[in-house]
Protein chains: 2
Amino acid sequence: MKFGINLFPTVSPDEKSAVQHFDEALRLAELAEELGFDHVKTVEHYFTPYGGYSPDPVTFLAAAAARTSRIRLVTGAVIPAFTHPAQLAGKLAMLDNISHGRLSVGFGRAFLPDEFEAFEIPMDESRQRFTDGVEACRLLWSEEDVEWKGAFHRFGPVTLLPRPYQRPHPPILVATAITPESCVAAGRAGYGLMMVPSINKVEKVQEMLALYREAWVAAGHDPAAQDVHMSYNCYLAEEAGRAHERGRTYSEHTNRALAAAVEPWTRTKSSDYEGYGRIVERVRSSDFGKQLRDNKVLVGAPQEVADRLRLIRSWFGDITISLQVISGNMPYEESARTLRLFAEHVLPVFTP
Amino acid sequence: MKFGINLFPTVSPDEKSAVQHFDEALRLAELAEELGFDHVKTVEHYFTPYGGYSPDPVTFLAAAAARTSRIRLVTGAVIPAFTHPAQLAGKLAMLDNISHGRLSVGFGRAFLPDEFEAFEIPMDESRQRFTDGVEACRLLWSEEDVEWKGAFHRFGPVTLLPRPYQRPHPPILVATAITPESCVAAGRAGYGLMMVPSINKVEKVQEMLALYREAWVAAGHDPAAQDVHMSYNCYLAEEAGRAHERGRTYSEHTNRALAAAVEPWTRTKSSDYEGYGRIVERVRSSDFGKQLRDNKVLVGAPQEVADRLRLIRSWFGDITISLQVISGNMPYEESARTLRLFAEHVLPVFTP
């Protein structure tokens, strides 16, 4: 298994200033590298405490790249529906060079109605904008004199500059929340998968994973090259009671930010987002005690968290896990202690 | 006067790999800080050796911010016509926080027909897209619950996250090539000005500057807060003959990249770009010997360059100068030597 950190901010300016957030996030990226973690990841969101401090993950990851030398940098995710493919592919190629090829690009469809509304993008176009955007980036990275005649953009022939450092292109991951078809498409294309275990039943995730792996093998890709990412809220303390109490605080804080961000789903319908109407209720009824019992958070004393990961490995196999260690306005000292405890007691159990 | 560096890349992948370019550019940013320069600046361009290694100046400047602690970071320029204002204002606000308020934002209209074509933006909309884009960014930075109902974008009410570090917003500069009205508008708004001395007669620049300063004072802004930026190709060597020979090589290389990029102007007309049809001829007929005689390049032995700057100061007053020290595929060692010679022999003459 591989372990990295997901610096998903869920704070408002009242709670933590942006300058403090970025100072701490950069220190955590350096600390994660020093402690042997695999990657640092961040999101693209706008306008609300649910990720809004990170409207452009590339900007943050470029700063993190300049402060580190080994750790991988992962967008989790960038949203092709909101950015012209030549701009998206271009800045990602810059980051790939600045970091000497340490970039993996996670693409997502986005799912917050207010973001689509602000950018005047119909949600019903989301699926095709996503598929088109990933494919346009892949072409711009791997080929020259690219001509693109899609439903949303037409350009070319153009040759993207700079060329990416990794050839033919940085590893691509696609985010999928609840859609089995996306897993099949990702497996067929040889892309990695970013899944959201917190909002799905274990059996559902297993079913989606099976479809992904089946499509991967059927397409003739190397089974060892598969990459499946899952993010988990994470909080470690030496003493279990303390860990559960603080873990609950930050998880519930994060959940409140998510609940506010998905609230427009109560009055939104989209053919490209079947089943998303139920998200509001699912988020509202989310209960930390149940999440803990269902093993959907990596919260506890170190040995307890190791046990939780053994169970996760038995469910999903050798996957890549991103630890959400700042969400919920966790103070820097507690984020850093969580990482240190994890690196000392848990990492050695799961990595050679 | 203030002096910084403009890392305007004009190379193709055949001439210098992107990874080498970014390695060297980051080292030069660190060196410039160490030597006491005021700022590091870079451009937004696409697809051709004329700036194409820098499709997103924010990505590079974020890396430079993480490697430095004092030097200012300047976009020279970002193009609001190509990017949604919420995305542009958002990533710039991230950079402002990552750098602890060291950002100055130069906005430009862009002027290469192929870029507008790739982004499917009519050049005839350029002026209004620019004005709208700058104003939308200013509002998003300085106010909350912003509602925008422009000709090209409609959104809100939204509150931009993160809020910028500098309040109400980072210093704004606007780029103007040949248009007196833009100078008046910038002065009235209290924005800085980015001018292009290389393509204009001294008298024309003086006339535009006078309009800018007049409008600035008439609007009641503090005269001491004015900021006028000009970029110059720069090459220093101890021995004048050597400096002129190498300076010619890199200037002519840069000019060839520019000539190729503006070639579509031979078949382009736009009401928003009056007079630009003549650019091709002006670039083609550009002559390094004449540029040197006309004092349009900062090339020479250190004392000669100091004399050139005395003349520039006598023409334009106390302005901010950005030294183009990598353009034309200048090798890193020569860029670094140019900076060191400038810092040792020229900086002390013009800065207290």
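Residues numbered from 1 in each chain as written. Chains lettered and ligands numbered in written order. Predicted model: local features only at pLDDT ≥ 70, side-chain atom pairs only at ≥ 80, totals over all residues.

Chemist: I'm lost on the overall build of chain A in this one. Help?
Modeler: Within chain A one finds 12 helices and 11 strands. Overall size of chain A, expressed as C-alpha extent along the three principal axes, is 60 × 45 × 45 Å. Scored against the burial criterion, the 352 residues of chain A give a buried share of 52%. Taking all contacts inside chain A whose residues are at least 6 apart in sequence as the whole, residues at least 24 apart take part in 73%. (Helix = DSSP H or I, 4+ residues; strand = E, 2+ residues; numbered from the N terminus. Buried ≥ 20, exposed ≤ 12 C-beta atoms within 10 Å, placed from the backbone. Contact = placed C-beta atoms within 7 Å.)

Chemist: Can you help me understand the environment of B:P348 in this one?
Modeler: You can see B:P348 is positioned in helix 12 (residues 332-350). Note: C-alpha distance between B:P348 and B:A306 (42 residues apart in sequence) is 10.0 Å.

Chemist: Help me out: how do you make sense of the packing of helix 11 (residues 302-316) of chain B against helix 12 of chain B in this one?
Modeler: Residue and element names in this part refer to chain B. Between helix 11 and helix 12, the shortest axis-to-axis distance is 9 Å and the interhelical angle comes to 35 degrees. Viewed along their axes, helix 11 and helix 12 form a crossing whose handedness is right-handed. Mapping the contact onto sequence places P302, V305, A306 and L309 in helix 11 and L341, H345, V346, V349 and F350 in helix 12. Its residues assigned to classes, the contact of helix 11 with helix 12 comprises eight nonpolar, one polar and no charged. (Axes fitted to C-alpha atoms, helices over the stretch in contact; angles between N-to-C directions. Left-handed = near helix turned anticlockwise from the far one by under 90°. Nonpolar A, V, L, I, M, F, W, Y, C, P; charged D, E, K, R; others polar.)

Chemist: I'm lost on the nonpolar core in this one. Help?
Modeler: When a protein is soluble and globular, its nonpolar side chains tend to lie buried together. Grouped together as the largest cluster of nonpolar side chains are 212 residues, with contacts concentrated most on A:A62, A:A63, A:L95, B:A62, B:A63 and B:L95. Each residue touching B:A62, except ones within four places of it in the same chain, is listed here: A:T59, A:A62, A:A63, B:L95 and B:I98. (Core = buried A, V, L, I, M, F, W, Y, C linked by C-beta atoms within 7 Å.)

Chemist: Looking at this model, I keep getting lost on the relation of the copies chain A and chain B. Mind explaining?
Modeler: Put simply, the two copies of the chain differ by a rotation about an axis and a shift along that axis. For the pair chain A and chain B, the best superposition has an RMSD of 0.0 Å and corresponds to a rotation of 180 degrees with a translation of 0.0 Å parallel to the axis. Such values leave the two copies arranged in the relation of a two-fold axis. In terms of C-alpha distance to the rotation axis, chain A has A:A63 as its closest residue, with the C-alpha 2.1 Å off the axis. Mapped onto chain B, 100% of the interface residues of chain A again fall at the interface, so both copies present the same surface. (Least-squares fit on C-alpha atoms with pLDDT ≥ 70 in both.)

Chemist: Where do I start with the interface of chain A and chain B in this structure?
Modeler: On the side of chain B, 42 residues touch chain A, which itself brings 42 residues to the contact. Broken down by secondary-structure element, the contributors of at least two residues to the side of chain A that touches chain B are helix 1 (18-34), helix 2 (57-67), helix 3 (85-98) and strand 6 (154-158) of chain A.

Chemist: How should I be thinking about the packing of helix 2 of chain A against helix 3 (residues 85-98) of chain B in this particular structure?
Modeler: Describing two packed helices takes the angle between their axes plus the distance from one axis to the other. Running from amino to carboxyl end, helix 2 of chain A crosses helix 3 of chain B at an angle of 30 degrees, the nearest separation of the two axes being 9 Å. Judged by the inter-axis angle, helix 2 of chain A sits roughly parallel to helix 3 of chain B. Crossing handedness for the pair helix 2 of chain A and helix 3 of chain B: right-handed. Contacts between helix 2 of chain A and helix 3 of chain B involve A:T59, A:F60 and A:A63 from the first element and B:K91, B:M94, B:L95 and B:I98 from the second. The residue makeup of the contact of helix 2 of chain A with helix 3 of chain B, split by class, is five nonpolar, one polar and one charged. (Parallel < 35°, antiparallel > 145°, perpendicular 65-115°, else oblique.)

Chemist: Please explain unusual backbone geometry as it appears in this structure.
Modeler: A negative phi holds for most residues other than glycine; trans holds for most peptide bonds. For the bond from A:G156 to A:P157, the omega torsion is 5 degrees, close enough to zero to count as cis. Positionally, A:P157 belongs in strand 6. The peptide bond linking B:R167 to B:P168 adopts the cis configuration, its omega dihedral lying at 0 degrees. Take B:P168: it is sitting in the loop between strand 6 (154-158) and strand 7 (172-176). Phi is positive for A:E120, which is not a glycine, with a value near 55 degrees. Mapped onto the secondary structure, A:E120 falls in the loop between helix 4 (113-118) and helix 5 (126-142). Look at B:F47: it is not a glycine, yet its phi comes out positive at around 75 degrees. You can see B:F47 is positioned in the loop between strand 2 (39-42) and helix 2 (57-67).

Chemist: Any chance you could explain the environment of B:L160 here in plain terms?
Modeler: Residue and element names in this part refer to chain B. Considering the arrangement of structural elements, one finds L160 in the loop between strand 6 and strand 7. Judged by the 24 C-beta atoms lying within 10 Å of it, L160 is buried. Linking L160 and Q87, residues 73 residues apart in sequence, is a C-alpha distance of 9.4 Å.

Chemist: I'm lost on the confidence of the model for chain A in this one. Help?
Modeler: Low pLDDT means the predicted atomic positions in that stretch should not be read closely. In the predicted model, chain A carries a mean pLDDT of 96, and 100% of its residues have values of at least 70. Predicted complex metrics record ipTM = 0.98 and pTM = 0.98. (pLDDT = per-residue confidence, 0-100.)

Chemist: Teacher, can you tell me more about the pairing of strand 9 (residues 228-236) of chain B here?
Modeler: Strand residues, when the strand is regular, have side chains that alternate between the two faces of the sheet. All names here are of chain B. Among the nine residues of strand 9, eight are classified as buried, and the element is accordingly described as predominantly covered. With three bridges connecting them, strand 8 (residues 192-195) and strand 9 associate as parallel partners. Directly across from M194, in strand 9, lies its bridge partner H229. The pairing of strand 9 with strand 10 (residues 298-300) spans three bridges and is parallel. (Pairing = 2+ DSSP bridges.)

Chemist: Got a minute to help me understand the pairing of strand 11 (residues 320-324) of chain B in this structure?
Modeler: Residues and elements named next belong to chain B. With five of its five residues buried, strand 11 lies for the most part within the structure. Neither face of strand 11 is open: one carries T320, S322 and Q324, the other I321 and L323, and all of them are buried. The sheet contact formed by strand 9 and strand 11 spans five bridges and is parallel. Following the sheet pairing, H229 is matched in strand 11 by T320.

Chemist: Quick question: what am I supposed to make of the environment of B:G275 here?
Modeler: In this fold, B:G275 is placed in the loop between helix 8 (240-262) and helix 9 (279-284). Once the C-alpha coordinates of B:G275 and B:I178 are considered, the two residues, 97 residues apart in sequence, prove to be 8.6 Å apart.

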